[in-house]
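Listed below, chain by chain, are the residues.
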Amino acid sequence: MFGHLFIKECKQTAKSMIYWLIILILLIFFNSQLGSMEFAEKPEPGQEDYGMVAGGDEQATMEATLGYLVSEYRSGSFTTYPIGFYKTVKPSQKELKRIHEIVTETTGLSTDQEIDDAMTAAQGDSQIVYGSSPVKPKDGLTFERFCALMEETDDMLGGGSNYSKESLKTNAKTPMTYEQALQQYNDLTEKDHFTGAYARLFSDYMGIMLGILPVFLAATRGMRDRRSRMQALIASRKASSAVIIFSRYFSMIVMLMLPVLLISCIPLSECIKAAGGGIRLDYLAFVKYSVGWLMPTAMISTAVGMVLTELTDTALGVLVQLIWWFLSVFSSMSAMHGGIYGWDLVPRHNTPFNYEGFHAGFSQLAANRALYAGISILLAAVTVWIYSLKRKGRLDIRGKLFGNRKREHKA
Amino acid sequence: MANYLEIARENIRHNLPVHAVTAGILLCLSPLVLGVKNLPLADTAKVLEMYVALIGIILIPPVFLPEQNPDLRDLIRSKYTKISTVYSIRAIEAVLVLALYLGVYILILHINGCQMEAPAYYAGTLAEMIFMGGLGLLFYSLTDNLIAGYMIPVFYYITAMGAGSKYLKVFYPFSMTKGSYTEKYWLLAGGVILMATAVRIRSRK
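From a predicted model like this one, the values you see are computed outputs, not experimental measurements.

Calculation criteria
Residues numbered from 1 in each chain as written. Chains lettered and ligands numbered in written order. Predicted model: local features only at pLDDT ≥ 70, side-chain atom pairs only at ≥ 80, totals over all residues. Helix = DSSP H or I, 4+ residues; strand = E, 2+ residues; numbered from the N terminus. Buried ≥ 20, exposed ≤ 12 C-beta atoms within 10 Å, placed from the backbone. Contact = placed C-beta atoms within 7 Å. Core = buried A, V, L, I, M, F, W, Y, C linked by C-beta atoms within 7 Å. UniProt positions renumbered as here; feature names shortened; annotations may be inferred. Axes fitted to C-alpha atoms, helices over the stretch in contact; angles between N-to-C directions. Parallel < 35°, antiparallel > 145°, perpendicular 65-115°, else oblique. Left-handed = near helix turned anticlockwise from the far one by under 90°. Nonpolar A, V, L, I, M, F, W, Y, C, P; charged D, E, K, R; others polar. Expected span 1.5 Å × (residues − 1). Domains from an automatic or database assignment. pLDDT = per-residue confidence, 0-100.

A. Local environment of the overall build of chain A. A tally of helices and strands in chain A yields 17 helices and five strands. Dimensions of chain A along its principal axes, counting C-alpha atoms only, are 80 × 75 × 30 Å. For chain A, buried positions account for 42% of its 411 residues. Restricting to contacts in chain A with at least 6 residues of sequence separation, those with at least 24 account for 78%.

B. Structural detail: the interface of chain A and chain B. In this assembly, 23 residues from chain A lie in contact with 24 residues from chain B. Only α2 (17–34), β3 (87–89), α10 (213–227) and α14 (316–331) of chain A provide two or more residues apiece to the side of chain A that touches chain B. Considering each element in turn, the side of chain A that touches chain B owes the most residues, six residues, to α2(A).

C. A look at the nonpolar core. Of all hydrophobic cores here, the largest spans 135 residues; its most connected members are Ile18(A), Ile22(A), Met209(A), Phe216(A), Val318(A), Ile147(B) and Met151(B). Counting residues per element, this core draws most heavily on helix α13 (residues 285–312) of chain A, which supplies 14 residues. What Val318(A) contacts, discounting residues up to four positions off in sequence, is Val215(A), Phe216(A), Ala219(A), Gly305(A), Ile147(B) and Tyr150(B). Ranked by size, the runner-up nonpolar core spans 17 residues in total, among them Val70(A), Tyr73(A), Ile99(A) and Tyr163(A).

D. Quick look at the UniProt feature "transmembrane region" (unreviewed entry) in chain B. Residues and elements named next belong to chain B. The residues that UniProt annotates with the feature "transmembrane region" (unreviewed entry) are residues 16–36, 48–66, 87–108, 120–140, 147–165 and 185–201. Split by type, residues 87–108 is 100% helix and 0% strand. Its first and last C-alpha atoms lie 32 Å apart. A helix fraction of 95% and a strand fraction of 0% characterise residues 147–165, whose end C-alpha atoms lie 26 Å from each other.

E. Region of the structure containing the packing of helix α2 (residues 16–33) of chain B against helix α6 (residues 83–111) of chain B. Residues and elements named next belong to chain B. In the contact formed by α2 and α6, the axes pass within 11 Å of each other and the chain directions differ by 20 degrees. The orientation of α2 relative to α6 falls into the category roughly parallel. Crossing hand, α2 versus α6: right-handed. Between α2 and α6, the residues in contact are Leu16, Ala20, Ala23, Gly24 and Leu27 and Glu93, Val97, Tyr101 and Tyr105, respectively. Looking at the contact of α2 with α6, its residues break down into seven nonpolar, one polar and one charged.

F. Molecular detail of helix α10 (residues 182–204) of chain B. In this model, α10(B) (23 residues) spans 34 Å end to end at C-alpha, consistent with the 33 Å of a helix rising 1.5 Å per residue. Those residues of α10(B) that sit buried are Glu183(B), Lys184(B), Leu187(B), Gly191(B), Leu194(B), Met195(B), Ala198(B), Val199(B) and Arg202(B).

G. Spatial organisation of the UniProt feature "transmembrane region" (unreviewed entry) in chain A. All names here are of chain A. If you check UniProt for "transmembrane region" (unreviewed entry), the listed places come out as residues 17–34, 205–223, 243–269, 289–311, 323–343 and 370–389 in our numbering. Spanning residues 205–223, this segment combines 89% helix with 0% strand, and its end C-alpha atoms are found 29 Å apart. Helix makes up 100% of residues 289–311 and strand 0%. Its end C-alpha atoms lie 33 Å apart.

H. A look at unusual backbone geometry. Residues and elements named next belong to chain B. The phi angle at asparagine 38 is positive, at roughly 50 degrees, despite the residue not being glycine. Within the element layout of this structure, asparagine 38 appears in the loop between α2 and α3 (41–50). With 16 C-beta atoms packed within 10 Å, asparagine 38 lands in the partly exposed category. Its identity is not glycine, yet aspartate 144 carries a phi of approximately 55 degrees, on the positive side. Inspection of the secondary structure assignment puts aspartate 144 in the loop between α7 (118–143) and α8 (146–163).

I. Quick peek at the environment of Gln47(A). Residue and element names in this part refer to chain A. Within the element layout of this structure, glutamine 47 appears in the loop between α2 and β1 (52–54). On the basis of neighbour count, glutamine 47 is assigned to the exposed category, with 10 C-beta atoms found within 10 Å. When the C-alpha positions of glutamine 47 and aspartate 204 are compared, they lie 30 Å apart, and in sequence the two are 157 residues distant.

J. Up close: the domain arrangement of chain A. Residue and element names in this part refer to chain A. Under the domain assignment used here, chain A contains domain 1 (2–41 + 184–397) and domain 2 (54–175). Each of domain 1 and domain 2 has a C-alpha centre, and the two are 39 Å apart. Its residues assigned to classes, the side of domain 1 that touches domain 2 shows five nonpolar, three polar and no charged.

K. The arrangement of the confidence of the model for chain A in detail. All names here are of chain A. Per-residue confidence for chain A averages 87 on the pLDDT scale, and 92% of its residues sit at or above 70. Ranking the elements of chain A by mean pLDDT puts strand β4 (residues 129–130) last with 40 and α13 first with 96. Note that residues 125–130 has pLDDT below 50 and, in this model, eleven contacts with residues that lie over four places away or in other chains. Within the model, the stretch residues 400–404 combines pLDDT values under 50 with three contacts to residues more than four positions away or in other chains.

Have a look at this one:
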């Protein structure tokens, strides 16, 4: 029964105009973002520039971050990007007093004059390039204590500030050496087998689309029965609600992942061409990343669309998913470099490099993906429950009980 | 005239509130996630173009929704008032609600000390709203599917975010952030044409 319905649903999806629009959008988006892929080349010694690397040692991180802290403290307003949008936070007097204590504890500067003098003195030159003028930390300040105080500051500011855990990793930016550039290239070819790095970049871009597009397909599918007045007919059939809903759900996931896997053949073939013969490639990398990284995103987006469409018989799921997607995409912009995956709906890793970051954040990423896959199955189960109630004539939002919107006449 | 007012009144009573309330909630939520105080010029434009303008997608495409059922369309066609007039009145009402919301939002930004070139920002954001909404309305009319009406402007928005002005040229929606207003004339003209075309197509279906 399940197999039969599954095939039928796949055919239904293939006939859906929304489905073909999604494929068209995926193709256009892929072409605009990854249409002309540039592949990394082995660095040569003596090059003028090897690029920059975010982050430095503990001392550099503390100096750069304290540079931000003292200048923002003096101006009385703090810049934050809670979801990628600029937000100015003006702390209360009590909070400013606490921030002043933190400035004193971390830099040893207590009066405004001392802070201004330190900021003026900091306008010197350094091998390290900072986002603000570096300020030296107080002697004896440990990095652990510094991190704890910065976390407290970030909490007071509502998150997304220059003192958040993520920002501490990128506040200091240093020029890359030849050795670092070579190590980065070796990671790409040896640990990532070349294709792995580009599969991650592919997942980064396609994840943006799969975070929102599946909800349109799910909402359309959910409303189709009502539009074609087939609800009663289907409800009277023998197939259980679980079989009907799960066959629908899995068919949509399979049909959504199919074009993603087919599109991934384009960058894979380009990788094979670009790598030449000297690199041992992982030919299955794009499949692994598509299933492990992208599929949970498609699953949750589809599930949100299904459950809310089934519950309300409206396109509410589209709006909810759009808001979630919006918040997720903008809030993860500070983690574009990869390695900081958190619980983002759309994990970002917008570079073929940073294998180290990926490796370090892998368990978090795996937990993230497993969580969304689990929640999506749970939402599909809730959809089954709602659907079975509606089949029994309960919870009919458009029925006579809740759906009567006729105006009351006084006559 | 009385007929037109009655059509507008019925729309306000039955169709408009749910979408207007949704758009209003979206705007009311903005201070939780966005800065709406003391913003510099470019950041004020960013909030308006990238967040506030999204309500155009919520309010304009559902203009055709009450006649989703083809039988209803046949019924309305049998009436003296043209169906295109009914759609046009609803579309104008949607734009008026957008204009009102945007005006109130910009006023709040102004009171909160955000820097702005108020008339230009107002007109520019409204033009973007009309374009995105018009795009949705056109695809709704072409496909008879509201979901497509939401999906295409969302894709347009994402393309603008990702590819910037490279592909969209004069139809790039976030130009005010970069200090350019030329694109807004194109968006306004394009939006009006899209809406008019959508009404025409839908009226013949």
